[in-house]
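One letter stands for each residue in the lines below.
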Amino acid sequence: MNAAVATAVFGAFMVLTVVLGLLAVRGRGSGGGLAEWSVGGRSLGTVFIWVLMAGESYTSFSYLGAAGWGYRFGAPVLYVLAYMSCGYALGYVVGPMLWSYARRHQLVGITDMVAHRYRAPWLGAVVALLATVCLLPYIQLQITGMGVVVSTISYGAISLNWAYFIAFAVTTGFVVISGLRGSAWVSVLKDVLVIATLGFLAVYVPLHYFDGYGPFLHRIVAERPQWLTFPGHASGGLGPVWFVTTTVVNSLTVVVFPTTVAGYLGARNAEVLRRNALYLPFYNVLLFVPMLLGMAALFVVPGLVGAGSDLALFTMVVDSLPAWAVGLIGVAAALSSIVPMAVFMLVIGTMWGRSVLGARSGGGGGAGEASGDGGRRTVGGRQKLWSQLVVVGAGALALALTYTAPDTLVRLSLISYEGMAQLVPMLLLGLVWRRLTLRAAVSGLAAGFALVCVLVFGGHDPVWGMNAGLVGLAVNVAVALGVTWLGPRDTDERPDAEVLALDDEFPRGGAVAPGGAVGPTASS
């Protein structure tokens, strides 16, 4: 009976999820181009951007991994709160800058940006390939996370294999048709459930098992004090230096992560992004809940080891709550997999549809370069179709590897964030410093990424107590600067407004034309 009730609740909400995703594009017709599908037509307001970007950061990790880290290690899990909050602060500046640059040149992602900045369409394809390698593991992790949640909350009635397929089918079902706008609509449902369920669990678990927070916290201090200090219990060297360096490199990475940039570019205007950067940290307060409840599970369900510790929170939920409540909490966790997975798939599709399969000669410029409005519609429609096909292909590949060779993507996930960090100089430094050359940016990226792979796969992360990604990023910047200063200068006659990310509202050295373009300035 419990399995039937929980499964029925879960099934009803999955149907509602698909319906919401499809309703998001009702009345907009099927003729929208790539920009409408991939960045919501650059028309999303504060609420939709807030729930969408919160949805990207609040994944199944929040219910499984955060509780699991709290259960196994304790204090080191707080790095998530630290880097996300610092990343939001950086996003206050970086988000409007990237939005303005993309809007001015009709770009739809980071591959577009680097291709346009360095006048090298092939570079967009290279970045698309690198980003896909770093993003595919996240799709697989969300499929796996949702599978574990669904199997657990159904009391084993739904097998892991079927749960994996449900995750793929539901996500693909709406994202192929409705794109970023559909993800934003589904994010609203997800956030309502996340806030409600975590708010409830934050009160219920301490009262039910410990008679309140006071006795619970006293018990941790008395019996498990090592969980409350760095480097945490059995954390393998995750001390203060690792915490600080991980916070720095992850906060830099998160602002250029392709899914984050998709959220930036979907905004109606730059002010939406500034407000969003102020509001997003409030969402982080919720992350304390699974972290604390993971430590509470130390006393309720002791003895969980390895991957089993990721089920610390759900083990308590299934053991103590009625089936309908278990179903609702499971839906919130499942949607926390579906929303980010949808954006990951959409971004991979956009990168390949735009910069690889739909690439054209001519410097990788904006979507509308072809030949007037008719050319724009033709090119945009073709790139959108390629992108949608890649979405299905990327999801299917991640699903197949989940079934047949899960360790392949798990191994790649080790370098996902550290690898994406190596794009920071090429993108951010390149958009504010004209002298950074194509040769220098590529050399820095190659050196940094290669070093990260050597350190991580060689078992040297952290290295000297530091996050390997920051070590790679330091080498990346040093190589890029060295090649820029010692190597030949690129000849680029374009004005600053064509090369650099100048803010339309506060142009540097040029006037804002009626159409929003910034007039030519002297080369720096």
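Everything numeric here is computed off the predicted structure, so don't read it as measured data.

Conventions adopted
- Residues numbered from 1 in each chain as written.
- Predicted model: local features only at pLDDT ≥ 70, side-chain atom pairs only at ≥ 80, totals over all residues.
- Heavy atoms only, no water.
- Helix = DSSP H or I, 4+ residues; strand = E, 2+ residues; numbered from the N terminus.
- Buried < 20%, exposed > 50% of the residue type's maximum accessible area, 1.4 Å probe, protein only.
- Contact = heavy atoms within 4.5 Å.
- Areas by Shrake-Rupley, 256 points an atom, 1.4 Å probe, with all protein chains shown as cover.
- 1 Å grid on protein atoms, 1.4 Å probe; cavity = no way out; pocket = protein on both sides within 12 Å on 5 of 7 lines; lining within 4 Å.
- Points joined across faces, edges and corners; volume = space filled by probe spheres on them.
- Nonpolar A, V, L, I, M, F, W, Y, C, P; charged D, E, K, R; others polar.
- Core = buried A, V, L, I, M, F, W, Y, C linked by side-chain atoms within 4.5 Å.
- Phe/Tyr/Trp six-rings, centres within 6.5 Å; stacked < 30°, edge-to-face > 60°.
- Axes fitted to C-alpha atoms, helices over the stretch in contact; angles between N-to-C directions.
- Parallel < 35°, antiparallel > 145°, perpendicular 65-115°, else oblique.
- Left-handed = near helix turned anticlockwise from the far one by under 90°.

S.K.: I tried to follow the overall build of the chain on my own but got confused; where do I start?
M.R.: In terms of helices and strands, the chain carries 23 helices and 0 strands. Classification of the 524 residues of the chain by burial places 57% in the buried group. Across the chain, every contact between residues at least 6 apart in sequence was considered, and the portion connecting residues at least 24 apart equals 83%. Counting every atom, the chain has about 19500 Å² of accessible surface; 69% of that belongs to carbon and sulfur.

S.K.: Teacher, can you tell me more about empty space enclosed by the protein here?
M.R.: Space left empty within the atom packing is revealed by a probe, the size of a water molecule, rolled over the atoms. This structure, assessed with the given rule, holds 2 cavities of 30 Å³ or more. By volume, the second largest cavity amounts to about 90 Å³. Every residue along the wall of the second largest cavity is listed here: Ser-38, Val-39, Val-108, Gly-109, Ile-110, Pro-258, Val-261, Ala-262, Leu-346, Val-347, Thr-350 and Met-351. Broken down by secondary-structure element, the contributors of at least two residues to the lining of the second largest cavity are helix H2 (34-39), helix H12 (258-265) and helix H16 (323-355). When residues in the lining of the second largest cavity are grouped by element, the largest group, 4 residues, is from H16. Of the residues in the lining of the second largest cavity, the class split is 9 nonpolar, 3 polar and no charged.

S.K.: Looking at this model, I keep getting lost on the nonpolar core. Mind explaining?
M.R.: If you look at soluble globular proteins, the nonpolar side chains tend to sit buried side by side. The biggest cluster of nonpolar side chains holds 168 residues, and the ones touching the most others in it are Tyr-63, Leu-98, Met-113, Ile-139, Leu-201 and Met-426. The element contributing the most residues to this core is helix H9 (residues 160-210), with 20 residues.

S.K.: How should the environment of Ile-143 be read in this particular structure?
M.R.: By the secondary structure assignment, Ile-143 is in helix H8 (residues 121-153). For Ile-143, a relative accessible area of 0% translates into the label buried. Considered as a pair, Ile-143 and Met-341 are 198 residues apart in the sequence and their alpha carbons are 7.9 Å apart.

S.K.: Any chance you could explain the packing of aromatic side chains here in plain terms?
M.R.: Two aromatic rings, taken as a pair, are described by how far apart their centres are and by the angle between their planes. Taken as a whole, this structure holds 20 aromatic pairs when the rule is applied. Consider the rings of Tyr-138 and Phe-344, whose centres lie 5.4 Å apart with planes at 35°: the pair is tilted. Of this pair, Tyr-138 sits in helix H8 while Phe-344 sits in helix H16, and the two are 206 residues apart along the sequence. Each member of the pair, Tyr-138 as well as Phe-344, carries the same accessibility label: buried. Geometrically, the ring pair formed by Phe-210 and Phe-216 is tilted, given 4.9 Å between the ring centres and 35° between the ring planes. Assigned by exposure class, Phe-210 and Phe-216 land together as buried.

S.K.: Explain unusual backbone geometry to me, please; I cannot follow it from the model alone.
M.R.: Glycine aside, residues mostly have negative phi angles, and peptide bonds mostly take the trans form. Along the chain, Phe-230 connects to Pro-231 via a cis peptide bond; the corresponding omega equals 5°. Structurally, Pro-231 can be placed in the loop between helix H10 (213-223) and helix H11 (240-254). Across the junction of Asp-461 and Pro-462, the peptide omega takes the value 5°, indicating a cis bond. Positive phi is not limited to glycine here, since Tyr-155 has a value of about 55°. Tyr-155 sits in the partly exposed class, given a relative accessible area of 30%.

S.K.: Which parts of the structure should I look at to understand the packing of H8 against helix H21 (residues 438-457)?
M.R.: For any two helices packed against each other, one specifies the crossing angle of their axes together with the interaxial distance. Two elements in contact, H8 and H21, have axes separated by 13 Å at closest approach and are oriented at 20°. Viewed along their axes, H8 and H21 adopt a mutual orientation that is roughly parallel. Note that H8 runs across H21; the crossing there is left-handed. For the pair formed by H8 and H21, the contact residues are Trp-122, Leu-123, Leu-130 and Cys-134 on the first element and Leu-438, Val-442, Leu-445 and Phe-449 on the second. Among the residues forming the contact of H8 with H21, the class breakdown is 8 nonpolar, no polar and no charged.

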